[in-house]
Structures are given as structure tokens and as C-alpha cells.
There are 2 protein chains.
Amino acid sequence: MGGGSHNKRLDCPSTNGTSQDPMEPNAAHRIEMPPASMEVHRVETPPARSSVQKLKSKLKETFFPDDPLRQFKGQPARKKWILGAQYVFPILQWAPHYSLKLFKSDVVSGLTIASLAIPQGISYAKLANLPPIVGLYSSFVPPLVYAVFGSSRDLAVGPVSIASLILGSMLRQEVSPSNEPLLFLQLAFTSTFFAGFFQASLGLLRLGFLIDFLSKAILIGFMAGAAVIVSLQQLKSLLGITHFTPQMGLVPVLTSVFHNTKEWSWQTILMGFCFLVLLLLARHVSIKKPKLFWVSAGAPLASVILSTLIVFAFKAHHHGIRVIGKLQEGLNPPSWNMLHFHGAHLGLVIKTGFVTGIISLTEGIAVGRTFAALKDYRVDGNKEMIAIGLMNIVGSSTSCYVTTGAFSRSAVNHNAGAKTAVSNIVMSVTVMVTLLFLMPLFQYTPNLVLGAIIVTAVVGLIDVPAAYNIWKTDKFDFLVMLCAFLGVLFVSVQEGLAIAVGVSIFKILLQITRPRTVVLGSIPGSDIYRNVHHYKEAVGVPGFLILSIEAPINFANSMYLNERILRWIEEHDEKDSAKKLSSIQYVILDLSAVSAIDTTGVTLIKDLKKAIGKKGIEASTILVLVNPLGEVIEKLQRAEETRDFMRPENLYLTVGEAVASLSSSMKTHSPTLYDEEAQADIPRPN
Amino acid sequence: MGGGSHNKRLDCPSTNGTSQDPMEPNAAHRIEMPPASMEVHRVETPPARSSVQKLKSKLKETFFPDDPLRQFKGQPARKKWILGAQYVFPILQWAPHYSLKLFKSDVVSGLTIASLAIPQGISYAKLANLPPIVGLYSSFVPPLVYAVFGSSRDLAVGPVSIASLILGSMLRQEVSPSNEPLLFLQLAFTSTFFAGFFQASLGLLRLGFLIDFLSKAILIGFMAGAAVIVSLQQLKSLLGITHFTPQMGLVPVLTSVFHNTKEWSWQTILMGFCFLVLLLLARHVSIKKPKLFWVSAGAPLASVILSTLIVFAFKAHHHGIRVIGKLQEGLNPPSWNMLHFHGAHLGLVIKTGFVTGIISLTEGIAVGRTFAALKDYRVDGNKEMIAIGLMNIVGSSTSCYVTTGAFSRSAVNHNAGAKTAVSNIVMSVTVMVTLLFLMPLFQYTPNLVLGAIIVTAVVGLIDVPAAYNIWKTDKFDFLVMLCAFLGVLFVSVQEGLAIAVGVSIFKILLQITRPRTVVLGSIPGSDIYRNVHHYKEAVGVPGFLILSIEAPINFANSMYLNERILRWIEEHDEKDSAKKLSSIQYVILDLSAVSAIDTTGVTLIKDLKKAIGKKGIEASTILVLVNPLGEVIEKLQRAEETRDFMRPENLYLTVGEAVASLSSSMKTHSPTLYDEEAQADIPRPN
């Protein structure tokens, strides 16, 4: 009768608890001999800790899972100061060891990313409805700030497509960039300030885990949707349309494009198409042969120069090809006087700052972590948030808009052999030179080439293989991805994102609300108990119903668990009576996977005990708990209603021991319950 | 070396896997003999199911956990029809067996609750800023509807204090009940319609689990807060103030009360105080001696009669005591023409309907379940929602406002010996008689006695012992309770509720974001592995780090788990090298408690494997998984990156077997790793 463990244990004198090895620590208090004279391990209450201690350790796990102060332990005071300074300014970690060899690598990579940053900066600023020069300003100051505070060695800092798109589209809801350009610029800088403020606060308050709620599936869907939206926006410059819709959605943009076919300019289309093909080809070459990274890295600047020369030579700007126009020379003017923390648009500005801040933070951290993993160093998420936040706060008062680590440029930086943040400094200096002396050269740069550069840059955000992999692994994640993608395309960028986050959280809540309960059976020849619907050889033990609950028990699922467990018992009873087996005498609840419980959960255990007690006909059925974890034991013990469960006959350390111990007492108490016929049916191990 | 299980298994020939018992099912495919010649059970992939099958079973578990169609299975067609009719109209279940004996009990209890329902109905209608007669209408029609559709035998149906309070306060945000009484009434009926609509929809769509999000802790805090707010509102009638604030919060009401001390009428205060003491005393008697339930049940009606007589005899209404005034005679007039599904206030009406619907549903279901558990019958939550919803939809077109099962009246009903829903019918008939003939008697009923009745009724909602119990069991639940309580007092009724629900959900999400990871150790003399910080006798196995993850792995916690697990390894390495023990060769992840995984989680496993592989110095550390559950196995197998883990040397069914099997191969591969000195330190079982 009973599980295999019972027989095995009795057969094995070597496992008898009385054989004390003198080398065992704490051997004295581990042996517990129940009346049935077999070894049963007791469930222990965890070591007592005060509420304050518990709160402290919980706070530490929540906010300092990486234990950042560990390296300071046991160091002399001077060393602590140095470590502290290095912690705040990561530049102090690598600057003292900096060498000429590293510098050579950094100059090459810095110049390479500068050749990308200049045309992309101008393009992304236009995407955000800002003056093109703001894009260059934003590639000058923020990289310098990041070089001091940032801990990634590969991040190439500057404006990025998605944050630019969101900033532009959100602000445009209330203010028109063409009618009120100054107000629009002020709102953009103020939003940038708030973005930096939120980013730095998340880092300082160690709430960085909030960005984890943007899961990979969400990001893949969101990025792809944003890439489509961004590309559609470029139809304006690529087709030469003058009356373009201010809306962002797929439908209004396509409607507007095909409504204004008269405005299409064939010269623009031809030239745009050529440069687009050129840039996409360059990109393709670099993907196929990563060593030729400089082809795609240099192509945008080459296209800008080439197209500018063509326009200048053929006076194409008189033939319908629109150009950037005159740009102001000189370095970033101060803009702190343009920050407005009051007025009618404050709500919008805070919201925009929050959304762009979170999105650009997610991109920056993800990029930093990706390359850190490749080169096997670590990036501290919370520190990076502070660095990116500071960079945007400083940027907002020096005429920069939202910046972060850009994926494509960081990849080029990495491939070009960047060793430290000096490559960002080199890029920044190059941009400075451009700002000071080369601005007039951009006067005849056609808008279409900027459009082609943006399209080429965002095409890489559409990651079809990753989407296919998600479809294969997890259908629900794929649904979340689709929500993000379609939401961005058909609703709006920020709402698409919100919908996808909502759906992901709903999934988690649904998992919590409907936790799995499984029936365990004994795996013959062992004392292992596993899900009978998963392991075909696992068989039930007559007289027992062994259930495992696979989630924390709380208010959201107690009612469900109550109904579900009672249904298991009823179904099991029906099946048993059909097979003429004895009815259930013990319901064993395996709580190994119940990591937490709350007051409603404690009430559930009490209610179950009562309900199960009423089920039995001859003898009442008894509820037995197995392996409750520390927190669960504590709460069951503290609530008056469930203190009974703490008695050894209701509490076992393993299912095997519970079955072994209980089935022996079952035989003693009610020998008539098992008739010979039924017993022949029962598969018995050994 | 290694865990106890290894030695034990080798010592026990009886557990050797080759001994096949002919009575064992599936014995053939359970034996797997690994090269190390010890028994190791294989982790199996769960039986293959198509995505459609999985979706179907998931939907069934989510929406039909109680399997309502089970009773129909295998029944003849005629029986199915009868069962179906009984399922829709629970009255058909008990009506055929109804007897005179049951009727006698029901008449007594019905008259008892009628004597409560009449004064309370009038009072609660005033609380909702509605004409008093609407409270009586609402005690006439809804009980009849419930008697047909409801499945609780004890629920006493009618208006309740909290829903009345919320309805009144929400509608008053936009419409003044004194300036536009007709519009206010229309909005109240329309809100009632929407409340019923939401309630019935939740039941029909089987989304009843949504009300579980109002946990016990929230409800206790919320009810107590609402009781205070409701009592404060009664200061108007108890002090005789004419210029009372239309706001509900603690601060504005107290300010208004003490600002208008000139309006206080000593006659009202004196008389109100006497009746309040009388009613509270009656309540106290019934609590002390439940058999004297009729004392508190009859007291309100007695007080109404007595106070009316006093007012009439002394002409007290000429001395500053305010009375109800003339009430219209006759039954409920139809009100479907007063339902407005358009216009300026539609949004408010829908919101009010939603909030009052959810709140009253929660109260009704909780009351029904409480008494069902006492009498040991079952109440089907989703069916109850449909019944309560229908009752409100019908009510909204017959001049009734939101009704549900009231806790205090249901308790009286139960104590008075109610057997079936006939007691509701008796109450309804009594109210009908009152409406038809007795209305003029209420003309001189003073408002102060209604106030005293309400205060007495809501005092019972403040449950201090339950609050203390929550404090003892779970500090966080107590915090949630406080949020609800203080939110209701100082912010507003509906926002206090929203705050508390938000905080509860935040707690669940935090648990998910920061799951516990624990280090397991071997319990000497067994093959059991448990948390070393909980079980003092559990000891680590040299060369192994055994970690258990106690939550589903998903996007919200993958990053944390990654950092936390790597930190465990580092800390363990430091400790080991301090003790001169060998470094970790195997990291064993026990996934028994990981009930689900998503694509981000799958990536985590891959990343961990890579990161752990890099840790080792001499030989690289290997990641081993133990007991992944069905869903986790499937996903690990489907993702290309983690298919490696499906090989038997990376996957074990129990920690014991993994340690036993791996430690034998460890000795073979790297015999130099263990020096004698270190080995002497290691506690060895057996």
C-alpha cells in the first residue's frame, strides 16, 4: 500500500534516522521519530526575524539586487573614497590606464560614427519637427556628458529615430511646429528636461526595473511599427509632397499621399529612389560582410555630399527639389531660459518627457547591455539611467533634444573598434568642427537624401526572424507583439505601446488569477511525485488525492483555487467510485511552489480544511500540507484559524513521507476500507 | 561525496530500476540507465497537444473552472431539459418540494426583514439623495426577481448603504439633487440600468473573477471608511443642520458641521441621541445573544413608530424637528421612459453604474457565499451575478435604484430561520401593502430617526477584530486596508477604492518582478534538498550551487533573475575560496516552482548558460536544470537557443538525482579538484 517511498524506506536500514554521523552538523535536532517508527523529516519554522529585519531584506532585494556596495566592504578608507569616486564617475576607472594604442582605435571609431551622426542628426531633428541644427547640437554636448558618467564603452550617443518621432508627434497634438516654431522648440527642450529628470530619478530611486515591463516582444512589435510610421513620414521628402498630413497613422498618411498625387515631383522621386537604393545596398553589403562596416557607415555622409554637389551643379533646387536651406553657424546656444515649468502645455510636456524618456532609456540600456555582454563587461542599469538622465538634463539647457544610445551607431562604433568612451569625445569634437565651420555646405543638401537616410536606418528595426522565433516559442507573446505593432500603426505610437504593456500585465494577472493545480502521482520505484497528466508512468495512490498548487495564493485566486480544488476532489471521488476504489481519505496539498500567501490565502486554507472535512462519509477526509515555504509557514502560524496545521500530523516535508506515514496509520484506523478486489487494480511499485 | 541520495540508492538493491513488477503500467518506458549505472529518472516532455487544444483547455480553466455542464453529462434528453430549466431558474429546484413547514419559517423571517427593510429603505434612499419612496419601491420589485433567478436561500435583497452612498455622491458631482430633482432621478435609474447591465454581463461572460480583485483587506478598509462617511452624513439629520455641505470627505463635513453650530437644534439632538442609544443597545443585545435577533430586527420599526407618535403628539415638527413629509401612495410607477442613453451625463452615468454595480455585486456575492458556507450549500458566483444584474435591469424600469443582498438584513433573515427565497417574497408583499395603504403614516416620521437607523446599520461595517487579524498575518495587506480606509475618508469613496486595488495589484506585480531565489542544501540522511536559510540542517554540496526559482519567469523578472543568480554564484565563489573549497562546477537550477515561462524567460536561460560557462577558471561551470514543468519544457524545446538543455546530462527530474549523477562524473573527469584538506571539512551524510 502507499507510495514507493514507504516500502523503500522500510527496506533500507541505512537511511534510518538514528544512525548519527559525528561529522554531521546539527545532527542532534534533525531526527524526529513519529509513532509509526519510520523516518519523517519535520517541517521547520524559519529562523525568527523581526518585521523590521524582513522589511529591510525585502527592500534590499527590491532596490539593490546587485548589492552595489559589496565592493566597498572591508576596504581601507582611502580606497573607499577612490572606489566611491570611480562609482560616480566611471571615467576615473579607465582614464588613468588610457594609452595611445586605445586612442588610435577610438579616433578611427569616433570619426566613423561622426560621419553617421552628422547626417542622421539633421534627419532625426527634422523627424521631430525641429530645426535641423538642433540635431547637430544634440550630437555635441550629450556625448561629452556621457563620456564622464556612462559606463558603457560602445554606446554611441545622440538623437535616435523613435524618440524623435514620439517627441514630434506628441508635441504636435497641441502646438503646430510651422505656426509657432519658437513655442514648439521651447516645449521640446522642456520635454527633454523632464525626460532627463525621469531617467535620472528612476536610476537614483533604483526603480530601473520598471523598464523591464517593456518586454522583448513589445519592443520588437513597437520598433517595427515605429519603423513603418517613420518610413511613411519620409514619403513627404521622397515624393516631394508639400501638403502632407500632420497625422502619423498608416491610414491618414497613405490617404494624404494618394490624394496629393498631383504634387508628386518626378525629379525628387527619381533622385530619392536612386539614393535609397544606394544606401540600402551599402547596408546590405555591411550586413553580409561585417568587416565592411565602413561601407554602410560612410554611405550616408557620401550620399549627402554627392546629392549636395548634384543639386548645386544642376541648380536642381529650382526644379522642384527641396533643400535644407541656410543653417546657422556656431556652437550650441544656451537654452535654459527656454525651459518653461508652467503654463498651458505643462501637462503635455511632462507626458511627452515621460514617454520619450522611458522609450529612449529602454533603447539606451538595451544597447549598452547587448554590447557589454559581447565584450564580457557589466553595465549597471541604474547607473546608466543616471548617466543618460544627466546627459538630457544638461542637453535641455544647451539646445539639445532627447538623446540616448543609438543601436545602429553603437553597432558601427563597436565594429569600428571603439575601446572607450573617447570615441564619443572624438565624435563630439568632429561635430563641433562641423558646427563651427562646415554649416554653409549643407545649404543645398536635398531633403530627399535625409529621407532616404532615415528609411535606411529604421529598416533595421523590423526584425522578422525574432518575430518568427516568438511565434514559435510563445503564442501569447506573439499576440502582445502584434498588439504593439498594430497599435502603433493604427492608433498612435504612445497608445500602441500602452496597449501592449497593458496586455502583458493582464497576462501576468491572468496567470495569477488562474494558477495551475495539478494532480500528482507516484513514479514507481521512487519516492518522486509528479503531475500525472505529464508523466505517464505516475500513478495515483489509493485513498489519497495529491494536489500541487503552482502559484502564490492571494486574493486574486483564492476563490478560484477553492472551487477548483473541490472540483478535483469531486471528480476524483466519482472516478474512484466508478472503479470501486476506496474514497479519498487524505487530500495532500503540495505547497512547494507557493512562494507567498496573503490573508485571503490563509482563509482559503482554513475554508478548504472545513469543506474537505465535510466531504467524507464514513471517516471525514483530512487536509494535509506538504513543504510550505518560510513565508507561508509564518503566516499560517500567525493566523489563529490555521494554527492547527502546524501539528506534525498535518504537515510533512515531502509528499513521499506524507503518503508513507499516513498510509500506515490509515491501515490501522480503518482496515475495512480496502477490499481485495479494488486492491488488485492498484498498480503497486516494487 | 555528493548528496545522501546517491549513497542510499546504491545501497538499496530493491530500488534498482531493473526490477520490473508485472503489475506496473508503462513499466517498459520508465527505465533509463545512464552510463554511471545508477537510477536516474528522465524528464519527459508532456504529451503533445495542438495549439488549439491548449487554447481550449486554457479557456475552459479561465472561464469555466467550475465546469457547470458536468451535471448534464450522460443524462437523457428530457432530464437535460429539466436540468437546463433548473439551471436558468433556480426557483424550479426548490419550488416543487416546497412545504407548509418551510412556508411557516419563511413567513416569520420575511416579516422580520420587512420590518427592517421599510425603515432602512427610506433611510438609504435619502442617503442616495433620492425621494424616500424610491427606497420602498426598491424593496418591492427586486426581491421578486431575485426569488426567481437567485440561488441563495438567505440573501435579503434591497437597497444597501454603501451603494446608495456612492450613487448619490457620484451623481451629485454633476447634477444637484435639490435643484434638478427630476434629472437626478433619471440619472439614478439610468445608472441602475448600467449597474445591472455590467453585473449581468460579468456573469454571462464568466468574468466574475474580476470582483476577486477586491480583496478582503480592501473590503474591510473600504467598508470601515464608507461607514464613517455615511455616519458623518447623518450628522445633518441628527443635529438638525439645514446648510450642510454637499461634499462627502471627512474634512469638509466636519468643517461644515462646526461652522454651522448656530443651526444645531437641541430638540433634534436630544431626541436623535435617545433613539441612537436605543438602537445601539438593541444591536448590542442581539450580538451578545443571537437568539434575541428580533430585538435588533424590530428596533428600527419600533423606533420609527415611536418617534412618529412623539412628533405627532407633541407637534414637534413645529419645534425644529424635521419630518419626512407627505409620501405618495401606490405601487412602483414604470420608469423605462426615464432611462436616458444619450446626452451630456452619459459618461458619468456609465461610470456610476460601473462602480455601484461592482461594489454592490461584491457585497451581494460575499453575503451569499458566507451564508451558503454556513448552511453547506453552494452559490454559483456567475449565476448570482446574472440574477443580481437582471434584478437591477428590471428595477431600473420600475422606479428602483441599485439593490443587492444586504449583509445585515441577510444575517437577520438567516437568524430568523429563512429556508428559501420565499422570505424575500413575503418581505416584498409586506412592502407592497405598506406602499398601498400605510404611506400616510410616515408623514410625521422625523428624519433624525432615519439617521439613527443608518448609523446603527453601518456601525457593524467597522470590523476591528478582522483588521487586527490582518495586521498580525500580513503587514502589506494591512497597508492596503489602510489605503482603502484613508483613501475613502480623505480623497473620495471611488478613488479610495481605486487606490487600494492599485496597491494590491502593485504588490502582485512586485512579487513577480522580484521573485525569491533560494540556495538549496541537502538534508542529511535523505535525498531532500531545501532552502539552507530556512532549514538549519541543510548543507551545501561542494562543487555545486543549487538554486531554486520560486516564480514564473517572464519579461518582468528576467533581468533581475539574471543579476541575482550571477550574484549568488559570485558570493558562493568568494565564500568557497575563503574556505579553500573547490570552486563551483555545476549550477543546478531547480525549476519545480516555475509554473510558466515566456520568450524573455527562455532567453534568460540561454544567457545564464553562457554567463555561467564563462565563470569557471579551470573547467567551465555547467548549468543544469531540474524538474521543469510541462509548459517550460515545451518552450525550452521549441526555442532553438535552448534546445541543448533537453539532453539528459543537462536535465534531471530531482535535485537528488542530479547531484548523485553529476558528482560521480565530476570525480571521473577532474580528480585533482578535491584536495584532502577541503574534503575533511565537508559534512557527509551516512
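Residues numbered from 1 in each chain as written. Chains lettered and ligands numbered in written order. Predicted model: local features only at pLDDT ≥ 70, side-chain atom pairs only at ≥ 80, totals over all residues. Heavy atoms only, no water.

As annotated in an unreviewed UniProt entry, chain A carries the name Sulfate transporter and is attributed to Trema orientale. Word for word, the UniProt comment on chain A under Subcellular location (unreviewed entry) is "Membrane". (UniProt positions renumbered as here; feature names shortened; annotations may be inferred.)

Draft legend 1. Spatial organisation of the domain arrangement of chain A. Once the domains are mapped, chain A shows domain 1 (101-324 + 349-505) and domain 2 (515-667). Taking the mean C-alpha position of each, domain 1 of chain A and domain 2 of chain A sit 56 Å from one another. (Domains from an automatic or database assignment.)

Draft legend 2. How the structure looks around a nonpolar patch on the surface. Residues and elements named next belong to chain A. Where nonpolar side chains cluster on the molecular surface, the patch consists of Val251, Leu482, Leu486, Phe490, Val491 and Ile499 and spans about 490 Å² of accessible area. Counting residues per element, the nonpolar patch draws most heavily on helix H21 (residues 475-491), at four residues. Note that Phe490 resides in helix H21. Its relative accessible area of 48% is what places Phe490 among the partly exposed residues. (Patch = residues over 30% accessible without salt bridge, like charges linked within 9 Å, V, L, I, M, F, W, Y side chains within 5 Å. Areas by Shrake-Rupley, 256 points an atom, 1.4 Å probe, with all protein chains shown as cover. Salt bridge = Lys/Arg side-chain N within 4 Å of Asp/Glu carboxyl O. Helix = DSSP H or I, 4+ residues; strand = E, 2+ residues; numbered from the N terminus. Buried < 20%, exposed > 50% of the residue type's maximum accessible area, 1.4 Å probe, protein only.)

Draft legend 3. Structural detail: the sheet that holds strand E6 (residues 586-590) of chain B. Residues and elements named next belong to chain B. The strand order across the open sheet formed by six strands is E4-E3-E5-E6-E7-E8, and the pairing between neighbours is mixed. Two strands close off the open sheet at either side, each with one partner strand: strand E4 (529-531) and strand E8 (651-652). Sheet strands touched by helix H22 (residues 558-578): strand E3 (517-522), strand E5 (544-549) and E6. Its angle to E5, the strand with the most contacts, is close to 150°. (Pairing = 2+ DSSP bridges. Contact = heavy atoms within 4.5 Å. Axes fitted to C-alpha atoms, helices over the stretch in contact; angles between N-to-C directions.)

Draft legend 4. Spatial organisation of unusual backbone geometry. Residue and element names in this part refer to chain A. For Arg206, which is not glycine, the phi dihedral falls at a positive 55°. Positionally, Arg206 belongs in the loop between helix H9 (181-204) and helix H10 (216-233). One non-glycine residue, Asn627, lies in positive phi territory at about 50°. Looking at the element boundaries, Asn627 is found in the loop between strand E7 (622-626) and helix H25 (630-638).

Draft legend 5. Seen up close, the pattern of salt bridges. Under the counting rule described, the total for this entry stands at 20 salt bridges over all chains. Here Glu550 of chain A and Arg516 of chain A are joined by a salt bridge, their closest N and O atoms 3.1 Å apart. You can see Glu550 of chain A sitting in the loop between strand E5 (544-549) and helix H23 (558-578) and its partner Arg516 of chain A sitting in the loop between helix H22 (493-513) and strand E3 (517-522), a full 34 residues away along the chain. With a relative accessible area of 4%, Glu550 of chain A lands in the buried category. Each of the salt bridges in this network shares a partner with another, and the network as a whole consists of Asp474, Asp477 and Lys507 of chain A together with Glu631 and Lys635 of chain B.

Draft legend 6. Looking closely at the sheet that holds E3 of chain A. All names here are of chain A. Taken in spatial order, the six strands line up as E4-E3-E5-E6-E7-E8 in an open sheet, and their pairing is mixed. What marks the edges here is a single partner per strand, and that holds for strand E4 (529-531) and strand E8 (651-652). In this structure, strand E6 (residues 586-590) lies alongside E7, joined through five bridges in parallel fashion. Within E7, the position partnered with Leu589 by the bridge is Leu625.

Draft legend 7. Spatial organisation of the UniProt feature "transmembrane region" (unreviewed entry) in chain A. All names here are of chain A. UniProt's feature table lists "transmembrane region" (unreviewed entry) at residues 130-149, 183-207, 213-232, 264-281, 293-314, 420-442, 448-471 and 478-506, given in the numbering used throughout. Helix makes up 88% of residues 183-207 and strand 0%. Its end C-alpha atoms lie 33 Å apart. Counting secondary structure, residues 293-314 comes out at 100% helix and 0% strand; the distance between its end C-alpha atoms is 32 Å.

Draft legend 8. A look at the relation of the copies chain A and chain B. Mapping chain A onto chain B is achieved by rotating through 180° and translating by 0.0 Å along the same axis, at an RMSD of 0.1 Å. Both chain copies can therefore be described as sitting about a two-fold axis. Residue Ala593 of chain A of chain A places its C-alpha closer to the rotation axis than any other residue of that unit, at 2.1 Å. A high fraction, 100%, of the interface residues of chain A reappear at the interface in chain B, so the copies pair face to face through one surface. (Least-squares fit on C-alpha atoms with pLDDT ≥ 70 in both.)

Draft legend 9. Structural view of the interface of chain A and chain B. Facing the 113 residues of chain A at the interface are 113 residues of chain B. Both faces combined, the contact of chain A with chain B buries some 10100 Å², and carbon together with sulfur accounts for 53% of it. When the area that chain A buries against chain B is broken down by residue, the three leading residues are Thr473, His534 and Phe555 of chain A, summing to 7%. Between the two partners, chain A and chain B, sit two salt bridges. Where Asp474 of chain B meets Lys635 of chain A, a salt bridge forms, and the shortest distance between an N and an O atom there is 3.1 Å. (Buried area = accessible area lost by both parts, 1.4 Å probe.)

Draft legend 10. Geometry of the packing of helix H7 (residues 141-149) of chain A against helix H16 (residues 381-396) of chain A. Residues and elements named next belong to chain A. Between H7 and H16, the least distance of the axes is 9 Å, while the angle of their chain directions is 150°. Taken as axis vectors, H7 and H16 run roughly antiparallel relative to one another. When the axes of H7 and H16 are compared, the crossing they make is right-handed. Counted together, Val141, Pro142, Val145, Tyr146 and Phe149 of H7 and Glu384, Ala387, Leu390, Met391 and Val394 of H16 form the full contact between these two elements. Residues of the contact of H7 with H16, tallied by class, amount to nine nonpolar, no polar and one charged. (Parallel < 35°, antiparallel > 145°, perpendicular 65-115°, else oblique. Left-handed = near helix turned anticlockwise from the far one by under 90°. Nonpolar A, V, L, I, M, F, W, Y, C, P; charged D, E, K, R; others polar.)

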